[in-house]
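# Reading the structure
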Amino acid sequence: MTKSLQAKYYSDDDLFNLENKSSSTWSWRSISSELIFVLKNSCWCLGDGKKILIWKHRWIKELHAPPAPKPGSSTHLQYKYVHQLLSSDSTSWDIIILREIFDDNIVNLILSIPIHASQEDMLVWLLDKNGFFSIKSAYRKMFEEDRGSESVGKEWIKHFLRKAISNLLSTRDVLSLKVPGIADICPYCEQWIGSWFDELYVNKISVGEICKRAITSWCLWTDRCDKVFQNISVQPDKSIKKYKSYIEDHSLQWYKTVPSNNSCCRRITNWIPPPSDFVTINCDGSFLNSLEGIQLIIRNCAGSQQAAKCIQLKCIRSADEAECVGLWEAVKWEHSLKLEKVHFELDAKTVVDAAMKNSPID
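Owing to the predicted nature of the structure, the values given are computational and were not obtained by experimental measurement.

One pass over the structure, following the stated rule, counts five salt bridges. Two residues, lysine 51 and glutamate 120, come together in a salt bridge whose shortest N-O distance is 3.3 Å. Here glutamate 120 lies in the loop between helix 5 (104-111) and strand 2 (122-125) and lysine 51 lies in the loop between strand 1 (42-45) and helix 4 (95-101), a separation of 69 residues in the sequence. In this structure lysine 51 comes out as partly exposed when scored by relative accessible area, which is 44%. Here glutamate 120 falls in the exposed class, since its relative accessible area comes to 57%.

All right, on to the nonpolar core then. Judged by nonpolar contacts, the single largest core of 20 residues is most densely connected at Trp59, Leu85, Trp93, Phe102 and Ile110. Secondary-structure elements contributing two or more residues to this core are helix 4 and helix 5. Apart from the residues within four sequence positions on either side, leucine 85 is in contact with Ile54, Trp59, Tyr79, Trp93, Asp94, Ile97, Leu98, Ile101 and Phe102. If you look at the next biggest cluster of nonpolar residues, it comprises twelve residues, including Leu296, Ile298, Leu327 and Ala330.

To describe a pair of aromatic rings, one takes the distance between the centres and the angle between the planes. As enumerated under the stated definition, the model contains four aromatic pairs in all. By the ring-pair criterion, three or more aromatic residues cluster together here, those being Phe37, Trp125 and Phe133.

A few words on helix 12 (residues 319-336). The end-to-end C-alpha separation of helix 12 is 26 Å, in line with the 26 Å expected for 18 residues at 1.5 Å each. Every buried residue of helix 12 is listed here: Ala322, Glu323, Gly326, Leu327, Glu329, Ala330, Trp333 and Glu334. The buried residues of helix 12 occupy an angular sector of 165° when projected down its axis, which confines them to one face. Set apart from the buried face of helix 12 by more than 90 degrees, the exposed residues are Trp328, His335 and Ser336. Downstream of helix 12 by one or two residues, lysine 338 has phi in the positive range, about 60°.

About the criteria used
- Residues numbered from 1 in each chain as written.
- Predicted model: local features only at pLDDT ≥ 70, side-chain atom pairs only at ≥ 80, totals over all residues.
- Heavy atoms only, no water.
- Salt bridge = Lys/Arg side-chain N within 4 Å of Asp/Glu carboxyl O.
- Helix = DSSP H or I, 4+ residues; strand = E, 2+ residues; numbered from the N terminus.
- Buried < 20%, exposed > 50% of the residue type's maximum accessible area, 1.4 Å probe, protein only.
- Core = buried A, V, L, I, M, F, W, Y, C linked by side-chain atoms within 4.5 Å.
- Contact = heavy atoms within 4.5 Å.
- Phe/Tyr/Trp six-rings, centres within 6.5 Å; stacked < 30°, edge-to-face > 60°.
- Expected span 1.5 Å × (residues − 1).
- Arc of directions from axis to C-beta.

Structure below.
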């Protein structure tokens, strides 16, 4: 798949210098539309300088765009790649060239960049410590840009709590069912944290107390993962301050969002996971001029993607028609996979009402 896309859309190996083609598929348009986001959060790490374009690529980390030439410079167009700014032995920067085409502040930034002449240039993902792209870090950044950084932690806590209650976390009691030799209780606290949520099932706990326990459990879980997977030592005093800070932030947000008696009530709709033995097929149709398509995603009760497909459509006259075709394709896909317990989800109320009432759409 990767090689076929490369041959068709970026045969020159420059993924970030694409030309819009009328023959591009709907799925490729969806993928390529997010390349700007990837480019914005990436930076080139200098090796031999033979891949980095001076005026098109971001290669100075302190700058959020390619560097600009010095005003009045007439020779900057003679230089295209970064390796042309190096000395003849490629072990240092050519100061004369730098001062000729750049301002002094940019020159100082460039001089601070180390040169690795024996290595190739590499595009580094700035949102992860290891420099490699990950869906998790990209999603977190997109979510933060969309809703603000304060909402990110809350969403992770809600996902954690849902997984904990659904018994989907990789805890010892869960792993012991799959991996022989693992004890089913924590060697330090035994069933201490587990007992925090026992009262939840018998309705003996307030909403505020649930939130406090969920936040504390999530913080303990993240500290534990840092220790196990990244060998980061945790200091109890700092951890406790962090826990209290999260709880205080939540309390402040809670009081701010509680509606007064005079305010109108608005219905807040959240995604409700299906039962553990069901899967959900999300259907979404796209209709824009002559560009139509549908996307189908199968998710389990934890929200994890199990399968996905994109289908390009032709001769679609409206968005509702695209949604109808999407639902029909989802049903056919469910039948071909021989799935028995399935929830279908789509955001077109007209189509949903018609399907539930078994009536035609006008």
